[in-house]
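Residues per chain, in single letters:
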Amino acid sequence: MSKPLIAPSILAADFARLADEAAAVPGADWLHVDVMDNHFVPNLTIGQPVVEALLKVTDIPMDCHLMIENPERWAPPYAEAGAHNVTFHAEATDHPVGVARDIRAAGAKAGLSVKPGTPIDPYLEILPEFDTVLIMSVEPGFGGQKFIPEVLPKVGLVRRLIDAGELTIVVEIDGGINDETIEQAAEAGVDCFVAGSAVYSAHDPAAAVQALRRKAAAASKHLQP
Ligand code: DX5
Ligand code: ZN
């Protein structure tokens, strides 16, 4: 049993006030940073200089979600900069194990992400090379989209391997997580819940983080309050 991890996504925050927006979620376990390159996804967000600036103003462990091409070249520098976790997409590389090893060698946790339409089965045997597996529950690229429940069997598959003692990994979900969808994700076996609009469009983002954590813990037997 572990505590649910809540990772507010700053994609939904005010980019002109990122330091304040990080400070607005003091109870967050990870701060989720969506890096998009306008090639892997049809959107462009922020990159390493902004991550470096943010690392200086917050102690919340940084969870960098790289929606970019060529993670071989671009992922390890985020680890070197001091990110806690560096996640890249399985669809973006033919060498996921090499990238994971480079991230770990640079001092961060390594994460593997799959889009909603990408099966997890072909990657199960390499998951021991990773610390987190990020199951996308919307098409990557934009915040504020509707949760896709059809991805939950992938969560269940990984959860069963963990429960059987065959794998140690954090199961993370990203996209459309809010008060109404977090319970089904928790029940399916998620450990870490990314929430962008549900946290940053709330009147009180800190309270929203706590409320999400309580709901997740109450919904699942593998999580505790
Ligand atoms: C989408 C990003 C998500 C996004 C989630 O490509 O990876 O992290 O910020 O936003 P919400 O929680 O609003 O769906
Ligand atoms: Zn993300």
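Residues numbered from 1 in each chain as written. Chains lettered and ligands numbered in written order. Predicted model: local features only at pLDDT ≥ 70, side-chain atom pairs only at ≥ 80, totals over all residues. Heavy atoms only, no water.

> Now, about the packing of helix H2 (residues 48-57) against helix H3 (residues 71-81): what can you tell me, with residues and values included?
As a packed pair, H2 and H3 sit with axes 10 Å apart at the nearest point and diverge in direction by 15°. The orientation of H2 with respect to H3, classified from their angle, is roughly parallel. Considering how the two elements wind past one another, H2 and H3 form a crossing that is right-handed. Each of Gln 48, Val 51, Glu 52 and Leu 55 in H2 lies in contact with H3, whose residues at this interface are Pro 77, Tyr 78 and Ala 81. Looking at the contact of H2 with H3 residue by residue, the class counts come to five nonpolar, one polar and one charged. (Axes fitted to C-alpha atoms, helices over the stretch in contact; angles between N-to-C directions. Helix = DSSP H or I, 4+ residues; strand = E, 2+ residues; numbered from the N terminus. Parallel < 35°, antiparallel > 145°, perpendicular 65-115°, else oblique. Left-handed = near helix turned anticlockwise from the far one by under 90°. Contact = heavy atoms within 4.5 Å. Nonpolar A, V, L, I, M, F, W, Y, C, P; charged D, E, K, R; others polar.)

> Outline the side chain of Asp 34, supporting the account with residue identities and numerical values.
Within the element layout of this structure, Asp 34 appears in strand S2 (residues 31-36). Salt bridges are absent for the buried Asp 34, whose nearest opposite-charge side chain, Lys 115, sits at 14 Å. Engagement of the side chain of Asp 34 in a polar contact is seen with the side chain of Ser 9, the distance being 2.8 Å. In this structure the side chain of Asp 34 is engaged in a polar contact, spanning 2.9 Å, whose partner is the side chain of His 32. Each residue touching Asp 34, except ones within four places of it in the same chain, is listed here: Ser 9, Leu 11, Thr 45, Ile 46, His 65, Met 67 and Asp 174. (Buried < 20%, exposed > 50% of the residue type's maximum accessible area, 1.4 Å probe, protein only. Lys, Arg positive; Asp, Glu negative; His and termini not counted. Salt bridge = Lys/Arg side-chain N within 4 Å of Asp/Glu carboxyl O. Polar contact = N/O pair within 3.5 Å; in protein donor to acceptor, adjacent residues only side chain to side chain.)

> Give me the nonpolar core: which residues, what numbers.
Core analysis: the biggest nonpolar cluster contains 64 residues, and Ile 10, Val 86, Ile 103, Val 158, Ile 169, Ile 173 and Phe 193 have the highest contact counts within it. Among all residues touching Ile 173, those that are not within four sequence positions of it are Ile 135, Ser 137, Phe 147, Val 151, Leu 152, Val 155, Ala 185, Val 190, Cys 192, Phe 193 and Val 194. (Core = buried A, V, L, I, M, F, W, Y, C linked by side-chain atoms within 4.5 Å.)

> Can you break down the coordination of the zinc ion (ligand 2) residue by residue, with the values?
Around the zinc ion (ligand 2), the protein supplies His 32 (NE2), Asp 34 (OD), His 65 (ND1) and Asp 174 (OD) as donor atoms, at distances of 2.0 to 2.3 Å. Mapped onto the polypeptide sequence, the residues donating to the zinc ion (ligand 2) form the spacing pattern H-x1-D-x30-H-x108-D. One end of the pair, His 32, is in strand S2; the other, His 65, is in strand S3 (residues 62-67), with 33 residues separating them in the sequence. Of the two residues, His 32 and His 65, neither departs from the other in class, the shared state being buried. (Donors = N, O, S within 2.8 Å, 3.2 Å for Na, K, Ca; no water.)

> Account for empty space enclosed by the protein, naming residues and giving values.
Considering all chains together, one arrives at one cavity of 30 Å³ or more under this definition. For the largest cavity, the calculated volume is near 210 Å³. Among the elements of the structure, S2, S3 and strand S8 (192-195) are those that each provide at least two residues to the lining of the largest cavity. (1 Å grid on protein atoms, 1.4 Å probe; cavity = no way out; pocket = protein on both sides within 12 Å on 5 of 7 lines; lining within 4 Å. Points joined across faces, edges and corners; volume = space filled by probe spheres on them.)

> I'd like a description of the pattern of salt bridges, backed by residues and values.
By the definition in use, this model includes nine salt bridges. Measuring nitrogen to oxygen at the nearest pair gives 3.7 Å for the salt bridge that ties Glu 21 to Arg 17. Take Glu 21: its relative accessible area is 10%, and that puts it in the buried class. Between Arg 104 and Asp 131 there is a salt bridge whose closest N-O contact spans 3.1 Å. Here Arg 104 is found in helix H4 (residues 96-105), whereas its partner Asp 131 is found in the loop between strand S5 (109-114) and strand S6 (132-136), with 27 residues between them in sequence. Residue Arg 104 is classed as partly exposed on the basis of its relative accessible area of 33%.

> Report on the UniProt feature "binding site: substrate" (unreviewed entry) in the protein chain, specifying residues and quantitative values.
Here the UniProt-annotated "binding site: substrate" (unreviewed entry) positions come out as Ser 9, His 65, Gly 141, Phe 142, Gly 143, Gly 144, Asp 174, Gly 175, Gly 176, Gly 196 and Ser 197. Checking the named residues against the largest cavity, the ones that line it are Ser 9, His 65, Gly 141, Phe 142, Gly 143, Gly 144, Asp 174, Gly 175, Gly 176, Gly 196 and Ser 197. Checked against the element boundaries, Asp 174 lands in strand S7 (residues 170-174). Its relative accessible area of 9% is what places Asp 174 among the buried residues. Ignoring any residue separated from it by four or fewer positions in sequence, one finds Asp 174 in contact with His 32, Asp 34, His 65, Leu 134, Ile 135, Met 136, Ser 137, Val 138 and Val 194. When near neighbours in sequence (up to four residues on either side) are disregarded, Gly 176 contacts Val 138, Gln 145, Phe 147 and Thr 181. (UniProt positions renumbered as here; feature names shortened; annotations may be inferred.)

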